[in-house]
Amino acid sequence: MTKTRIAPTPSGFLHAGNAFNFLVTDKLAKATGSRLVLRIDDLDAGRTRPEYIEDVFHSLEWLGIRVDEGPSGPDDFHSNWSQHLRMPRYRYVAEALRSHDALYPCLCSRTQLETLSRADHTCRTQPITEVPSGTPWRLRIPEPCPVPISELDGTTEQHDLAALMPDPVILQRDTERPAYQIASLCDDLDMGITFIVRGVDLLPSTACQAYVARLLGQDAFATIRFHHHPLALGSDGLKLSKSAGSSSLKAMRESGTSPDALIASAHRYAEALLMGITP
């Protein structure tokens, strides 16, 4: 049985871009007889709000999406599905990376890193001795770093991870909390996900997770197929962000807007994918 997932982050009210992703994924799941999993990525507790979690369930109902696996509502989510319940698993994987000498401590700010080349970033190469508590740990990405990604159509694309992103933080500053790249990788492996539909802005994350899986010998991740779709843009031509503005699904619901146009657009896109046509 093939399986896919939708994985919203409850850091704001969902918008039309999220709806497009959910609807395309749902359409592909139904057309291929795949199970659809709801996973809510709530690892960043500082940005999570109860109303954002509730919005996920209201939005799925409004869009007519019924999942096969996952929380039935906010209470079930907090009791049985929150990522915080899987924290030991994430920590274990992060420690495995540290034991492989794939991580290094780094107190440099993002602004500082923007001015440094990998060769000039001495944190990457200096011996690890005493590390102050709360120091972030980054993944050391070699240069170049070719990573193959299996596409939904069965082809394989090579991507240079070093060109896609700087060394990402794997263990956060606050009590060494594992970051998104670890949690997403673990959850996709543990849930038996076989294909994933993502926005093109998450292509660097896909490559990063594939590289980490390779470091850890997790070959199953290399068999997951991906499709990275274009991003939905606002009237200003910019990427939509999670907000309470007019583009939020909450605002659409409350204004009485029908989801039919969103559903039709996403289904046309999914049908093109199923026919092997580049949308």
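Residues numbered from 1 in each chain as written. Predicted model: local features only at pLDDT ≥ 70, side-chain atom pairs only at ≥ 80, totals over all residues. Heavy atoms only, no water.

**Quick notes on the overall build of the protein**
(1) Moving on: Along the backbone of the protein there are 10 helices and nine strands.
(2) Moving on: Computed over C-alpha atoms, the radius of gyration of the protein comes to 19 Å, within 12% of the 19 Å expected from 2.2 N^0.38 for 279 residues, which places it in the range of a compact globule.
(3) Moving on: Within the span of the protein, comprising 279 residues, buried residues form 48% of the whole.
(4) Moving on: Considering only residue pairs separated by 6 or more positions, the protein has 76% of its internal contacts joining residues 24 or more positions apart.
(5) Moving on: As presented, the protein carries roughly 13,700 Å² of accessible surface, and 53% of it is formed by carbon and sulfur atoms. (Helix = DSSP H or I, 4+ residues; strand = E, 2+ residues; numbered from the N terminus. Rg over C-alpha atoms; globule rule 2.2 N^0.38 Å. Buried < 20%, exposed > 50% of the residue type's maximum accessible area, 1.4 Å probe, protein only. Contact = heavy atoms within 4.5 Å. Areas by Shrake-Rupley, 256 points an atom, 1.4 Å probe, with all protein chains shown as cover.)

**Looking at the sheet that holds strand β4 (residues 137–139)**
(1) Moving on: Spatial strand order, β3-β4-β7: three strands in an open sheet with antiparallel pairing. Unpaired on one side and paired on the other, β3 (103–105) and β7 (169–171) mark the two borders of the sheet. Strand-to-strand twist in this sheet, taken as the mean axis angle between neighbours without regard to direction, amounts to 45°.
(2) Moving on: Examined bridge by bridge, β3 and β4 share three bridges and lie antiparallel to one another. Bridging across to β4, Tyr 104 finds its partner in Arg 138. (Pairing = 2+ DSSP bridges. Axes fitted to C-alpha atoms, helices over the stretch in contact; angles between N-to-C directions.)

**A look at helix α7 (residues 180–190)**
(1) Moving on: α7 sits mainly inside the fold: nine of its 11 residues count as buried.
(2) Moving on: Looking only at α7, the buried set comprises Gln 181, Ile 182, Ala 183, Ser 184, Leu 185, Cys 186, Asp 187, Asp 188 and Leu 189.
(3) Moving on: Where α7 is buried, its residues meet β1 (3–6), α4 (87–99), β7, β8 (195–199) and α8 (203–215).

**Concerning the pattern of salt bridges**
(1) Moving on: Scanning the entire structure with this criterion turns up 15 salt bridges.
(2) Moving on: One salt bridge connects Arg 5 with Asp 188, and the closest N-O pair in it is separated by 3.0 Å. With Arg 5 in strand β1 and Asp 188 in helix α7, this residue pair connects regions lying 183 residues apart in the sequence.
(3) Moving on: Under the relative-accessibility criterion, Asp 188 is labelled buried at 0%.
(4) Moving on: Arg 39 serves as the salt-bridge partner of Asp 188, at 2.8 Å between the closest nitrogen and oxygen. Residue Asp 188 is located in helix α7, and its partner Arg 39 is located in the loop between β2 (35–38) and α2 (50–63); the two are separated by 149 residues in the primary sequence. Pair check on accessibility: Asp 188 and Arg 39 agree, each one buried.
(5) Moving on: Each of Arg 5, Arg 39, Asp 41, Arg 86, Asp 187 and Asp 188 takes part in a single network of salt bridges with overlapping partners. (Salt bridge = Lys/Arg side-chain N within 4 Å of Asp/Glu carboxyl O.)

**A look at the packing of helix α1 (residues 16–32) against helix α10 (residues 260–274)**
(1) Moving on: Axis separation between α1 and α10 bottoms out at 8 Å; the angle between their running directions is 50°. Classed by the angle they form, the pair α1 and α10 counts as oblique. Crossing of α1 against α10: the hand is right-handed. Facing Ala 16, Ala 19, Phe 20, Leu 23, Val 24, Lys 27, Leu 28, Ala 31 and Thr 32 of α1, the residues of α10 in contact are Leu 262, Ile 263, Ser 265, Ala 266, His 267, Tyr 269, Ala 270, Glu 271, Leu 273 and Leu 274.
(2) Moving on: Grouping the amino acids of the contact of α1 with α10 by side-chain chemistry returns 14 nonpolar, three polar and two charged. (Parallel < 35°, antiparallel > 145°, perpendicular 65-115°, else oblique. Left-handed = near helix turned anticlockwise from the far one by under 90°. Nonpolar A, V, L, I, M, F, W, Y, C, P; charged D, E, K, R; others polar.)

**A look at the environment of Thr 32**
(1) Moving on: One can find Thr 32 in helix α1.
(2) Moving on: Residue classification places Thr 32 among the partly exposed positions, given a relative accessible area of 42%.
(3) Moving on: Put simply, Thr 32 and Thr 2 are 30 residues apart on the chain and 8.1 Å apart in space, counted from C-alpha to C-alpha.
(4) Moving on: Setting aside anything within four residues of it in sequence, one finds Thr 32 in contact with Thr 2, Phe 195 and Leu 274.
(5) Moving on: At a separation of 2.6 Å, a polar atom in the side chain of Thr 32 contacts the main-chain carbonyl oxygen of Leu 28. (Polar contact = N/O pair within 3.5 Å; in protein donor to acceptor, adjacent residues only side chain to side chain.)

**What to know about the environment of Arg 138**
(1) Moving on: Here Arg 138 shows up in strand β4.
(2) Moving on: As for Arg 138 and Leu 103, which are separated by 35 residues in sequence, their C-alpha atoms are 5.3 Å apart.
(3) Moving on: Those residues in contact with Arg 138, other than ones at most four positions away along the chain, are Ala 102, Leu 103, Tyr 104, Cys 106, Cys 108, Leu 113, Asp 167, Pro 168, Val 169 and Ile 170.

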